[in-house]
Amino acid sequence: MTDPRTLRVKLDGTRDYDIRIDAGILARTGAVLERDFGERRLFVICDPGTAAHQDTLKTSLTIAGHTVSFHDIPEGEGAKSWEEMEHTLDWLLDQKVDRRSMVIAFGGGVTGDHAGFAAAITLRGLDFVQIPTTLLAQVDSSVGGKTGINAPQGKNMIGAFHQPKLVLIDPSILITLDDRQMRAGYAEVVKHAFIRNVSFFDWLQNTNVLTRGVDVLSEAIARSCQIKADIVAADEFETGDRALLNFGHTFAHALEAACHYDRRVLHGEAVSIGMCLAFEVSARLGHCPRADADKAIRHLRELGMPTRIADIKNFPKLSSDDLLGLMTNDKKAIAGKMAFILSHGIGAAFISKDTDINVIHDVLTVSLG
Ligand SMILES: NC(=O)c1ccc[n+]([C@@H]2O[C@H](COP(=O)([O-])OP(=O)(O)OC[C@H]3O[C@@H](n4cnc5c(N)ncnc54)[C@H](O)[C@@H]3O)[C@@H](O)[C@H]2O)c1
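Note that the structure is a prediction, hence the values are computed from the model and not measured.

Caption draft 1: Here's a closer look at the packing of aromatic side chains. Evaluation of the coordinates by the stated rule reveals nine aromatic pairs. Put simply, the rings of Phe-194, Phe-201, Phe-247 and Phe-279 pair up and form one aromatic cluster. The aromatic ring of Phe-70 is capped on one face by Lys-58, whose charged end is 4.7 Å from the ring centroid.

So this is what it looks like as structure tokens:
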């Protein structure tokens, strides 16, 4: 077993919380929660993909003396809908949750976003704990307090900032995750290196995180979470630098919308392509050395990640204009104007508010193939 690592997300002193990364911690969750929060009624919202791990969690919670109820939500992005949210809220209210009840999100990013939002709006805010079970959720979505669901008008359009009380990360749980999901999660790992830390990128180049060695995974997760925690601590509500975490995401959200959020492209895959587009735009505009852009794109390609829109099988017949239209629907657009996160080089992302749209157009056209 690796050394446990604890990182602290520092907010305003009253809502600060720990991220604990520790292989095997799932089997000790009950004791950890008992020590940190006392005996509580726990409401666990579960991803069906965690079936192989649910008994471990259940046993650990009951042995520690907690009263526990489990609720499954459907697998995939469809769980981030009003209909599914209503089921969850009904379940919570039918069980007579009270202000001391605690919601636990046990699953990938979809489950974390869904459960976190349910916790945010039930009884005007219940405590919640994130136990992320995909690589993407362990390095990104479980930290930072963004919760929400999708609307027909766009992804993550309905939501709230609601920080967890604790994030418990067990890297050994990733053993059951399939290769495609591992690679998709890796996009968010390398994103943290691209935006803030070139030495982390160098480390990633020399270390294959996708082999799932627990020590390597723990290190990659800790370094990613540290970068995210620092950025969130400095700008919790995204009035400034937190937007850097959206590197590649304006493009990614348009690709996901074009595919109707189905399995043609996973979120992390769309982010991989989006980051390549952002590097390409940055290089063409002279913001980023061409060698850095090429190195970043090559790294993703060598690990089997998609790097061009044309890599998405059965992508709809859309033009770059259509994609630009989808991008202005993104919730990060203000009065129809898009801020792009671009790069001065690996480890140095920045917010650009006046990007030449013609260059975006050209880069999209090339990527569409
Ligand atoms: N809130 C945030 O800050 C934030 C950040 C990034 C992404 N997100 C959101 O996260 C979502 C994507 O998350 P995701 O990539 O984790 O997808 P996901 O939650 O859909 O999980 C991917 C798949 O893995 C399965 N799964 C989960 N844990 C498993 C395990 N241990 N073993 C085997 N299978 C397992 C799930 O059932 C699902 O089929 C998107 O909705 C995205 O918008 C949110």
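That shown, we press on.
Caption draft 2: Structural view of the sheet that holds strand β3 (residues 41-46). Spatially, β1-β2-β9-β6-β5-β3-β4 is the arrangement adopted by the seven strands of the open sheet, whose pairing is mixed. The outermost strands of the open sheet, each flanked by one partner alone, are β1 (5-9) and β4 (67-72). Each strand of the sheet is rotated relative to its neighbour by a mean of 20°, with strand direction disregarded. Note: strand β2 (residues 17-21) against strand β9 (residues 166-169), four bridges, orientation parallel. Directly across from Asp-18, in β9, lies its bridge partner Leu-166. Strands β1, β2 and β9 of the sheet are contacted by helix α8 (residues 214-234), whose axis makes an angle of about 15° with β1.

Caption draft 3: The pairing of strand β5 (residues 102-107), seen in detail. Here β5 lies mainly inside the structure; six of its six residues are buried. Residues of β5 alternate between two faces, with Met-102, Ile-104 and Phe-106 on one and Val-103, Ala-105 and Gly-107 on the opposite face, all of them buried. As judged from the five bridges shared by β3 and β5, these two strands associate in the parallel manner. Counted as the bridge partner of Cys-46 is Phe-106 from β5. With six bridges connecting them, β5 and strand β6 (residues 127-132) associate as parallel partners. Paired with Gly-107 across the bridge in β6 is Pro-132. Assessed by its sense of winding, the connection that carries the chain from β5 through helix α4 (residues 109-121) to β6 is right-handed.

Caption draft 4: View of the packing of helix α7 (residues 198-205) against α8. In contact at an axis separation of 12 Å, α7 and α8 are set at 160° when each is read in the N-to-C sense. Between α7 and α8, the angle falls in the class roughly antiparallel. Between α7 and α8 lies a crossing of left-handed hand. Every residue of α8 that contacts α7 at Ser-199, Phe-200 and Trp-203 is listed here: Val-216, Glu-219, Ala-220, Arg-223, Ser-224 and Ile-227. Among the residues making up the contact of α7 with α8, the classes are represented as five nonpolar, two polar and two charged.

What counts, and where the lines are drawn
Residues numbered from 1 in each chain as written. Predicted model: local features only at pLDDT ≥ 70, side-chain atom pairs only at ≥ 80, totals over all residues. Heavy atoms only, no water. Phe/Tyr/Trp six-rings, centres within 6.5 Å; stacked < 30°, edge-to-face > 60°. Lys NZ or Arg CZ within 6 Å of the ring centre and 35° of its normal. Pairing = 2+ DSSP bridges. Helix = DSSP H or I, 4+ residues; strand = E, 2+ residues; numbered from the N terminus. Axes fitted to C-alpha atoms, helices over the stretch in contact; angles between N-to-C directions. Contact = heavy atoms within 4.5 Å. Buried < 20%, exposed > 50% of the residue type's maximum accessible area, 1.4 Å probe, protein only. Right-handed = clockwise from strand over helix to strand, strands pointing away. Parallel < 35°, antiparallel > 145°, perpendicular 65-115°, else oblique. Left-handed = near helix turned anticlockwise from the far one by under 90°. Nonpolar A, V, L, I, M, F, W, Y, C, P; charged D, E, K, R; others polar.

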